[in-house]
Amino acid sequence: MFYRQAGIRYTSYPAERQLWPLGIERVLMGLILALALIAPALLSPLLLSSYLLPWVIWSIAALGLNLLMGGAGQIHLGYAAVMAIGAYSATHAARAGLPFELSLLVAGLASAVIGVIFGAAALRIRGLYLAIATLAMQYIVDFAIGHIPAISGGTQATVATPTPRILGIPVEGPVGGYYIALVVCIVVTLFMLNLRRTSFGRALAAIREKDYAAEILGISAFRYKLMAFWTSSFIGGVAGAILVFCYYRSVSPEQFHLETSVQLVAMVIVGGLGSVLGTFLGAALILLAPLALSALVASLASSGLPIGSDLRAHLPLVLYGALIVGFLIAEPLGLAKLYDNARKYLLVWPFRHARS
Amino acid sequence: MNARATPAAVAPEAAGTGPPATLIAALARNARDHGGTTAIRERELGLWRERSWHDLHGEVLALAAGLEELGVGPDTAVTIIGDNRASLYAAMLAANVLRAFSAPVFADVPPAELELYTRHGEPAVAFAEDQEQVDKLLDLRSSIGRPRHIVYDDPRGLAQSTAAGLVPYAKLIEQGRARLAAVPGLAADLEGRSRPDDIAILMHSSGTTGTPKGIAIRQRNAVAAAWSGGCAGAFATGEDTFAYLPIAWVGDYLLSIAAALVMRFTINIPERQETAMLDLRAVAPTLYLAAPRAWDAMLTRVQVGIADSTPLKRALFNFFMPRAIAMERRRLAGEAPSARDELVRRVGEAVIFAPLKDYLGLSRARHAFTGGEALGEDTFLFFRALGIKLTQLYGQTETCAMTAIQFADDVRLDTVGRPLPGVEIKLGDDGEILVRSQSTVDGYFNDPAATAKAFTGDGWLRTGDAGAIEPDGQLVVYGRVSEVVHTAAGDRYIPNYLENRIKFSPYIRNLAVLGAGKPWLAAIVCIDREAVGHWAEQRGLAYSSFAELSQLPQVCELVRNSLDDINRQLSAPLRIRRFVNLHKDFDADDGEITRTRKLRRTVVEERYAPLIAALYAGAEHADVEITITYENGTTGAFARRLALADVADAAFEDRAIPVRLGNGAQRQAMEGR
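Calculation rules
Residues numbered from 1 in each chain as written. Chains lettered and ligands numbered in written order. Predicted model: local features only at pLDDT ≥ 70, side-chain atom pairs only at ≥ 80, totals over all residues. Helix = DSSP H or I, 4+ residues; strand = E, 2+ residues; numbered from the N terminus. Rg over C-alpha atoms; globule rule 2.2 N^0.38 Å. Buried ≥ 20, exposed ≤ 12 C-beta atoms within 10 Å, placed from the backbone. Contact = placed C-beta atoms within 7 Å. Core = buried A, V, L, I, M, F, W, Y, C linked by C-beta atoms within 7 Å. Domains from an automatic or database assignment. Nonpolar A, V, L, I, M, F, W, Y, C, P; charged D, E, K, R; others polar. Pairing = 2+ DSSP bridges. Expected span 1.5 Å × (residues − 1). Axes fitted to C-alpha atoms, helices over the stretch in contact; angles between N-to-C directions. Parallel < 35°, antiparallel > 145°, perpendicular 65-115°, else oblique. Left-handed = near helix turned anticlockwise from the far one by under 90°.

- Chain B has the name Long-chain-fatty-acid--CoA ligase in an unreviewed UniProt entry, where Chelatococcus reniformis is given as its organism.

- Under the annotation held in an unreviewed UniProt entry, chain A carries the name Branched-chain amino acid ABC transporter permease and is attributed to Chelatococcus reniformis.

### What about the overall build of chain A?
Right, on to step 1. For chain A, the helix and strand inventory stands at 15 helices and four strands.
Right, on to step 2. Expected size for 356 residues packed as a compact globule is a radius of gyration near 21 Å; at 22 Å, chain A falls within 12% of this value.
Right, on to step 3. In terms of principal-axis extent, the alpha carbons of chain A reach across some 65 × 65 × 45 Å.
Right, on to step 4. Looking at chain A as a whole, 38% of its 356 residues qualify as buried.
Right, on to step 5. Long-range contacts, defined here as pairs at least 24 residues apart, represent 74% of the contacts in chain A between residues at least 6 apart.

### Some thoughts on the overall build of chain B
Right, on to step 1. Scanning chain B from N- to C-terminus turns up 21 helices and 29 strands.
Right, on to step 2. Taken over C-alpha atoms, the radius of gyration comes to 26 Å for chain B, in line with the 26 Å a tight globule of 673 residues would show.
Right, on to step 3. Dimensions of chain B along its principal axes, counting C-alpha atoms only, are 85 × 65 × 55 Å.
Right, on to step 4. By residue count, 51% of the 673 residues in chain B fall in the buried class.
Right, on to step 5. Look at the contacts in chain B between residues 6 or more apart in sequence, and 67% of them connect residues 24 or more apart.

### Here's the deal with the nonpolar core
Right, on to step 1. Formed by 157 residues in total, the largest nonpolar core has its most connected members in Leu23, Leu254 and Ala258 of chain B.
Right, on to step 2. Residue contributions to this core reach at least three from each of two domains, namely domain 1 (27–279) and domain 2 (287–363 + 365–394) of chain B.
Right, on to step 3. Setting aside residues no more than four positions away along its own chain, Leu23 of chain B makes contact with Leu93, Asn96, Ala200, Gln219, Ala222, Val223, Ile257, Ala258 and Leu261 of chain B.
Right, on to step 4. With 84 residues, the next largest nonpolar core counts Trp58, Ala84, Ala239 and Ile242 of chain A among its residues.

### A closer look at the interface of chain A and chain B
The accessible area lost on association of the parts is a frequent measure of interface size.
Right, on to step 1. With 17 residues of chain A in contact, the opposing surface of chain B contributes 23 residues.
Right, on to step 2. Partitioning the side of chain A that touches chain B into residue classes produces eight nonpolar, five polar and four charged.

### Some thoughts on the pairing of strand S6 (residues 125–128) of chain B
Residues and elements named next belong to chain B.
Right, on to step 1. Neither face of S6 is left uncovered, since the one carrying Val125 and Phe127 and the one carrying Ala126 and Ala128 both have all their residues buried.
Right, on to step 2. As judged from the four bridges shared by strand S4 (residues 77–81) and S6, these two strands associate in the parallel manner. Each residue of the ladder has a partner; that of Thr79, found in S6, is Ala126.
Right, on to step 3. Pairing analysis gives four bridges linking S6 to strand S7 (residues 149–152), with the strands arranged parallel. By the bridge assignment for S7, Ala128 is matched with Tyr152.

### As for helix H4 (residues 79–95) of chain A
All names here are of chain A.
Right, on to step 1. Over its 17 residues, H4 extends 24 Å from the first C-alpha to the last, a length consistent with the 24 Å expected when each residue adds 1.5 Å.
Right, on to step 2. Most of H4 is tucked away, with 16 of its 17 residues classed as buried.
Right, on to step 3. Gly97, located one to two residues past H4, shows a positive phi value of around 105°.

### Details of helix H8 (residues 219–231) of chain B
It helps to recall that an α-helix has 3.6 residues per turn; residues three or four apart then point in one direction.
Residues and elements named next belong to chain B.
Right, on to step 1. End to end, H8 covers 18 Å across 13 residues, agreeing with the expected 18 Å (1.5 Å per residue, within 8%).
Right, on to step 2. By the burial criterion, the buried members of H8 are Gln219, Asn221, Ala222, Val223, Ala224, Ala225, Ala226, Trp227, Ser228, Gly229, Gly230 and Cys231.
Right, on to step 3. Turning to H8, the residues buried within the fold contact helix H1 (23–33), strand S9 (199–204), strand S10 (214–218), helix H9 (250–262) and strand S18 (423–427).
Right, on to step 4. With its phi angle positive at about 80°, Gly233 sits one or two positions after the end of H8.

### Topic: the packing of H1 of chain B against helix H3 (residues 86–97) of chain B
Residue and element names in this part refer to chain B.
Right, on to step 1. With their axes 9 Å apart at the nearest point, H1 and H3 run at an angle of 115° to one another. Judged by the inter-axis angle, H1 sits roughly perpendicular to H3. Where H1 crosses over H3, the handedness of that crossing is left-handed. Each of Leu23, Ile24 and Leu27 in H1 lies in contact with H3, whose residues at this interface are Leu93, Asn96 and Val97.

### Digging into the domain arrangement of chain B
Residues and elements named next belong to chain B.
Right, on to step 1. What the domain assignment reports for chain B is domain 1 (27–279), domain 2 (287–363 + 365–394) and domain 3 (484–671).
Right, on to step 2. Domain 2 and domain 3 are separated by 28 Å when their C-alpha centres are compared.
Right, on to step 3. At the interface, 14 residues of domain 2 touch 13 residues of domain 3.
Right, on to step 4. For the side of domain 2 that touches domain 3, the elements supplying multiple residues, two or more each, are helix H11 (292–307) and helix H14 (377–386).
Right, on to step 5. Sort the elements by how many residues they give to the side of domain 2 that touches domain 3 and H11 lands first, with six residues.
Right, on to step 6. Its residues assigned to classes, the side of domain 2 that touches domain 3 shows four nonpolar, five polar and five charged.

### Remarks on the environment of Cys556 of chain B
All names here are of chain B.
Right, on to step 1. Tracing the backbone shows Cys556 in helix H19 (residues 553–568).
Right, on to step 2. A count of 22 C-beta atoms within 10 Å places Cys556 in the buried class.
Right, on to step 3. When the C-alpha positions of Cys556 and Leu375 are compared, they lie 25 Å apart, and in sequence the two are 181 residues distant.

### Some details on the pairing of S10 of chain B
Each regular strand displays side chains that alternate between the two surfaces of the sheet.
All names here are of chain B.
Right, on to step 1. Here S10 lies mainly inside the structure; five of its five residues are buried.
Right, on to step 2. The alternating pattern of S10 places Gly214, Ala216 and Arg218 and Ile215 and Ile217 on opposite faces, both of which are buried.
Right, on to step 3. As paired elements, S9 and S10 share five bridges and run antiparallel to each other. Of the residues in S10, the one forming a bridge with Ile201 is Ile217.

Dropping the structure here:
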């Protein structure tokens with residue numbers, strides 16, 4: 001209905017593979033980008049720092065995990081550990097006097113190196129066994145951080161992060177943190193969008209479908225599985241660093257426990273495996289739905305509905321669970337697929353299906 | 001009665017000083033002043049390959065230089081056969097550079113008829129699109145010794161061919177370029193040769209009444225036609241056009257060559273005929289000409305798609321479309337739309353019309369024309385209601401398709417518009433429309449007898465159409481003079497008009513209305529295979545062939561209802577009372593229609609004489625056996641028992657025949673060759 005396809009013609013094959021061939025989608029992307037840029041002026045500081053900022057940061061992390069799960073088909077139940085490695089290495093690097101930009105790089109590299117070591121397990125095992133192996137990574141990293149005071153500063157200790165400096169200029173407050181996170185988010189998003197147009201992305205897709213078959217096609221599963229873990233862990237490390245520098249402003253072991261890993265996996269699955277847009281939607285649902293639901297229940301309770309204080313604590317969780325189950329029953333392929341269905345419905349409007 | 005009522009002509013801004021003298025001069029001017037602008041966009045393996053005016057100019061001159069070496073000289077013909085290809089268009093112009101003329105032939109002409117289209121102008125060189133056409137030309141050469149040289153565009157299947165005189169298009173260009181480089185001054189010499197009095201192209205009359213006559217359109221005719229169209233606002237400078245019509249039809253020549261050069265269009269050429277409708281969407285032309293059957297086919301696509309759509313979308317369509325059509329009808333009758341109407345139209349535009357125009361590829365069409373024959377009123381209104389400014393273009397091959405046009409703000413349902421600037425129109429004694437203009441040819445090629453018959457001494461062309469000129473200068477066309485017929489009861493009607501009305505039904509693709517000298521009207525109907533097939537599928541009706549589908553009792557009922565709907569809109573004597581669903585579609589290979597899909601009434605009436613007799617005798621069935629011609633020229637016999645049926649209508653007070661339907665008893669025999 002809103003999509004216009006007449007007059008779209010290509011004079012070269014690269015032009016035919018552009019990201020958004022439809023005019024309205026380009027406009028939409030521009031609009032979203034513009035809104036993201038002026039968001040601090042539109043939203044109250046509370047909304048910005050407790051809703052939008054975490055959404056952007058968790059989206060970066062979920063994008064990294066989606067590269068591994070949706071792109072290469074490798075499950076990872078220890079992604080929070082990957083983020084933890086990034087968070088701690090960036091913090092220590094910055095405290096040692098390294099510039100913030102380089103600290104981010106250190107975070108990515110440290111996560112990538114350690115992530116690849118655990119990812120090597122994927123060369124021999126897959127499916128549930130890989131899930132257990134990555135779960136082991138979660139516990140090993142948790143244990144290592146907790147028991148090496150040189151990293152955590154002690155079992156229950158919290159290490160404050162220095163103020164990030166971009167080109168030597170200190171960036172303070174939620175607004176500055178938001179813009180740092182946004183820039184990183186845009187870079188990672190562009191990378192993910194373009195991934196499927198590269199030989200790397202196609203090789204990952206081949207491995208996702210069947211690694212034997214990919215080998216027969218001449219794609220080195222060894223090389224590409226390690227590259228997938230490397231890239232994904234790199235993004236995870238950077239996301240971890242951004243999380244502690246721009247949002248928590250300090251780093252402690254309990255920020256990166258198993259629960260966080262499971263939440264990240266939930267974001268990817270609810271959003272839609274392999275979809276960039278879905279990752280954002282999934283992160284929003286997993287992250288913001290509990291907050292929105294508690295607010296809703298609280299306002300219902302204060303408006304006079306007889307909701308007991310016990311119920312008031314548990315009802316949001318019940319609704320939250322129901323919401324996730326409901327979405328997955330409605331569309332097992334995730335929120336991205338729901339959007340895709342709506343898009344296709346409007347794309348062929350006013351007909352039932354595409355007609356030649 | 002002599003009408004020269006023409007709105008004030010506005011000179012197209014492209015011009016500056018005036019029209020170029022010849023098409024070659026126009027090509028040189030475009031290459032000089034707008035060398036970087038895209039002239040031709042041709043789809044090849046999914047990509048739109050572009051040629052600028054500079055490229056095209058160079059290509060045409062190189063081709064001409066190469067052609068001259070093959071022996072093409074002034075006043076000889078160059079045969080062009082194939083679907084629309086940039087190379088074939090370039091060949092047409094290259095022939096003109098050498099003062100020779102192109103003689104395009106319909107791509108689907110069978111080998112046996114090819115001789116008819118190549119008898120004028122001693123064509124020694126032929127341009128063929130692909131191997132299929134090359135084979136036809138080789139056949140032709142084995143029987144009449146011409147053409148000596150065959151230039152082909154698509155080399156697929158020809159690499160190993162050893163036939164003498166086969167030249168790949170690319171090689172000819174190469175030779176031409178080499179020659180241009182070797183002979184200084186040759187390019188300028190070539191560019192300056194063409195004269196306004198040269199024949200630009202040799203068209204053939206459609207042959208509704210016999211063998212096609214050669215119609216020699218001269219350079220000055222072609223330029224004048226394009227210029228008057230520009231002056232009339234039929235098209236502006238720099239339009240995007242879609243070249244998909246047969247290259248041997250004057251409509252394509254006018255838009256894709258004459259007007260394209262004079263008004264500097266960008267010509268978009270689809271990949272193949274089969275992809276034309278998809279490619280149309282990719283092009284979204286600003287100027288679009290289609291024959292009525294193409295508009296009908298488009299309408300059918302929409303109707304079938306909507307019938308198959310979800311209830312919500314169908315309901316929206318059924319709400320907005322009839323209202324928009326009714327509003328357009330009132331608007332054309334001179335009523336201003338009310339505010340409420342306007343609101344409904346705007347919402348409809350957003351919800352239904354704009355998506356439909358986008359789907360059809362007509363969202364950018366500023367100028368849309370129908371031409372060639374009359375378009376059914378309902379189809380016309382449908383597209384105008386969609387918001388496409390569809391107008392009628394009335395013309396003959398002899399006038400380079402430009403006689404009259406409906407001006408944008410002056411469209412009436414019952415007229416074809418006003419004469420174009422520079423076109424004079426008057427009526428002959430018997431009501432025949434006579435035309436005189438700069439774009440009218442001087443006569444038929446090498447046929448003084450036919451020329452004397454069709455042209456008066458002082459340059460007027462007898463169009464053969466019966467018409468009238470309204471007091472305000474609008475021209476009304478009734479139909480062919482030879483086609484105005486009377487029933488035995490003395491009622492006057494034009495079968496073609498009725499046929500076009502009836503073809504609005506998506507289920508009817510072709511039909512012949514009968515009734516000359518008969519007490520009432522009857523029809524031979526050819527169902528639309530796609531639409532009816534889809535309809536049958538949805539209802540779980542099994543069929544294995546067109547013939548079987550056409551004879552299903554339910555399909556008979558479907559056609560009956562369609563006819564009944566139209567009957568209600570017609571005065572009593574013009575109603576169709578009986579009909580038969582033919583077991584095959586009318587086919588140009590069988591001679592039932594022309595290559596441009598006009599009905600050859602006499603052929604149909606002769607061929608189906610027993611069937612027609614049975615229709616009027618009130619029989620329930622008729623056994624029909626006809627000879628059909630296959631594409632390769634072989635023939636076969638096709639026999640079948642057809643069910644004859646009445647159209648139920650209580651309005652027939654003198655009904656003698658009770659309503660009945662044929663049963664399913666059928667006999668089919670196909671005997672090959």
